[in-house]
Amino acid sequence: MDLFEYQAKRLFGAHGIPVKLGEVARTPDEARAAAERIGCPVVVKAQVLTGGRGKAGGVKLAATPDEAAEKARAILGLDIKGHTVKLVLVDPAVDIATEIYVAITLDRAARRALIMASAEGGMDIEQVAVEKPDAIVRVHIDPAVGLQPYQLRQLAFGIGLPAAHHAAFADLVTRLHNVFEAADATLAEVNPLILTTTGEMLALDGKVTVDASALYRQSALAADRYDGDLTDAERAARDAGLNYVDLDGSIGCLVNGAGLAMASMDVIKLFGGEPANFLDIGGGAQADKVEKALRIILADTRVKAVLINIFGGITRGDEVARGIVAALGNIATDVPFVVRIVGTNAEAAQTILADAKLHSGATLAEAAQKAVQLAAERGAA
Ligand code: GDP
Ligand code: MN
């Protein structure tokens, strides 16, 4: 889960990292009012969950509140790499002397946190990595002993930071590491970390990615989670613990496992149909989860048939079959279902499904073909 810059910097501030955090605004008028409160000059920054905002025209300085409103008007609604700007951050502007890059990320191959720093801040770090790989200093953190003072010196000397700023830098990186650990982050990045013309060190930008699997113990971050880009169905699915993506077709899909869900969608397309959604109900597949999934699928009026494709491994086929039958007992629908269950307890599942008079397919191809045909009979385009 990615945090917006303002959320990342709020988190930085809470951990004692120096930031100059202003206010978020949804309209030009709100941006003007924010600029009046903060005091000009300000910088108006697009809040989108992607980088490279500066280059895309999403970061603009404003000398007066009216200019802040004008810049906000230009930035709001902008499309940055497929993300529409709905929110801007109005921050006090600062005079930059030096831009530094520093980030902590999870190096899965090394199974350790990795700190990266570079004097080439402000730019695209991927570009620096390609063009000047030696300009990035890398330090791995041994989880048994934690971040060591000598490593902080290694980083500071490695990027050629003047000695006068070593203490501030070491303190900031230590706090960034605290953020990384406290937030269960897989990335905590400051680009640029700046030195102002008066020698102050500040985190000017912030990017934090929180491990979504840790959200159960990150309730504050989870509660502040942005879901404005999700459809109602996607939001309901997320709350039910289902992996669901809305699509435009007519065949609803209920599958266990992301890979199998992708394969099911491909086979539907192979037989001339169009999937209405991607849905991975995950392992276990208890009856209540099946019911929630079916309710979400059937709420989509474009759905003309539903394909249920279950591979029973740890998940028991008969349990899923009972879940489907129980769910259908609670949901009034005339949409036809085609079910294919193989693997653990598949025979028992077939018996349950046959008794419930559901369509079934012995193979995925057979089931998908049947679903496509039923959808077509019911007027699917
Ligand atoms: P990004 O392009 O999405 O990474 O957005 P940043 O927050 O990193 O901003 C991009 C660039 O805008 C920075 O590298 C700075 O050069 C510039 N910038 C941002 N805030 C200020 C500011 O307060 N004053 C000045 N002079 N430049 C700023
Ligand atoms: Mn940046």
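Residues numbered from 1 in each chain as written. Chains lettered and ligands numbered in written order. Predicted model: local features only at pLDDT ≥ 70, side-chain atom pairs only at ≥ 80, totals over all residues. Heavy atoms only, no water.

Undergrad: How should I be thinking about the sheet that holds strand 6 (residues 88–92) in this particular structure?
TA: In a beta sheet, neighbouring strands pair by backbone hydrogen bonds and run either parallel or antiparallel. The four strands lie next to each other as 1-6-2-3, forming an open sheet whose pairing is antiparallel. At either end of the open sheet lies a strand with only one pairing partner, and these are strand 1 (23–25) and strand 3 (59–62). Neighbour-to-neighbour, the strand axes of this sheet turn through a mean angle of 25°, independent of strand direction. With three bridges joining them, strand 1 and strand 6 adopt antiparallel strand pairing. Bridge pairing in strand 6 places E23 opposite V90. In this fold helix 3 (residues 65–75) packs onto strand 2 (42–46), strand 3 and strand 6, with an angle of close to 165° to the strand it touches most, strand 3. (Pairing = 2+ DSSP bridges. Helix = DSSP H or I, 4+ residues; strand = E, 2+ residues; numbered from the N terminus. Axes fitted to C-alpha atoms, helices over the stretch in contact; angles between N-to-C directions. Contact = heavy atoms within 4.5 Å.)

Undergrad: Looking at this model, I keep getting lost on the domain arrangement of the chain. Mind explaining?
TA: Annotation of the chain at the domain level lists domain 1 (21–92), domain 2 (96–223) and domain 3 (232–377). When each unit is reduced to the centre of its C-alpha atoms, the spacing between domain 1 and domain 2 is 25 Å. (Domains from an automatic or database assignment.)

Undergrad: Help me understand the site of ligand 1 in this model?
TA: K45, R53, G54, V94 and E99 are the nearest of the 16 residues found near ligand 1. Interatomic distance of 2.6 Å between a side-chain N/O atom of K45 and an oxygen atom of ligand 1. Within the side chain of D205, one N or O atom sits 3.1 Å away from an oxygen atom of ligand 1. Bound to the protein, ligand 1 loses 80% of the 570 Å² it would expose on its own. Elements supplying a minimum of two residues to the shell around ligand 1: strand 2, strand 3, strand 7 (96–107) and strand 10 (185–196). Classifying every residue of the shell around ligand 1 gives eight nonpolar, four polar and four charged. (Near = heavy atom within 4 Å. Polar contact = N/O pair within 3.5 Å; in protein donor to acceptor, adjacent residues only side chain to side chain. Areas by Shrake-Rupley, 256 points an atom, 1.4 Å probe, with all protein chains shown as cover. Nonpolar A, V, L, I, M, F, W, Y, C, P; charged D, E, K, R; others polar.)

Undergrad: Please clarify how the coordination of the manganese ion (ligand 2) should be interpreted in this entry.
TA: Expected angles at a metal are 109.5 degrees for tetrahedral coordination by four donors and either 90 or 180 degrees for octahedral coordination by six donors. The protein atoms that coordinate the manganese ion (ligand 2) are N191 (O) and D205 (OD), at distances spanning 2.1 to 2.2 Å. In this pair, N191 sits in strand 10 while D205 sits in the loop between strand 11 (201–203) and strand 12 (207–210), placing the two residues 14 residues apart along the sequence. Relative accessible area serves as the criterion here: at 12%, N191 is assigned to the buried category. Using a relative accessible area of 17% as the deciding quantity, one classes D205 as buried. (Donors = N, O, S within 2.8 Å, 3.2 Å for Na, K, Ca; no water. Buried < 20%, exposed > 50% of the residue type's maximum accessible area, 1.4 Å probe, protein only.)

Undergrad: Help me understand helix 9 (residues 258–270), please; the structure alone is not making it clear to me.
TA: It helps to recall that an α-helix has 3.6 residues per turn; residues three or four apart then point in one direction. Given a rise of 1.5 Å per residue, 13 residues ought to cover 18 Å, and the 18 Å separating the end C-alpha atoms of helix 9 matches this to within 8%. Among the residues of helix 9, A261, S264, M265, V267 and I268 are the ones counted as buried. Taken around the axis of helix 9, the buried residues stretch over an arc of 165°, which confines them to a single face. The exposed residues of helix 9 that point more than 90 degrees off its buried face are G259, D266 and L270. Contacts from the buried residues of helix 9 go to strand 14 (251–255), strand 15 (277–280), strand 16 (305–312) and helix 13 (364–377). G272, located one to two residues past helix 9, shows a positive phi value of around 90°. (Expected span 1.5 Å × (residues − 1). Arc of directions from axis to C-beta.)

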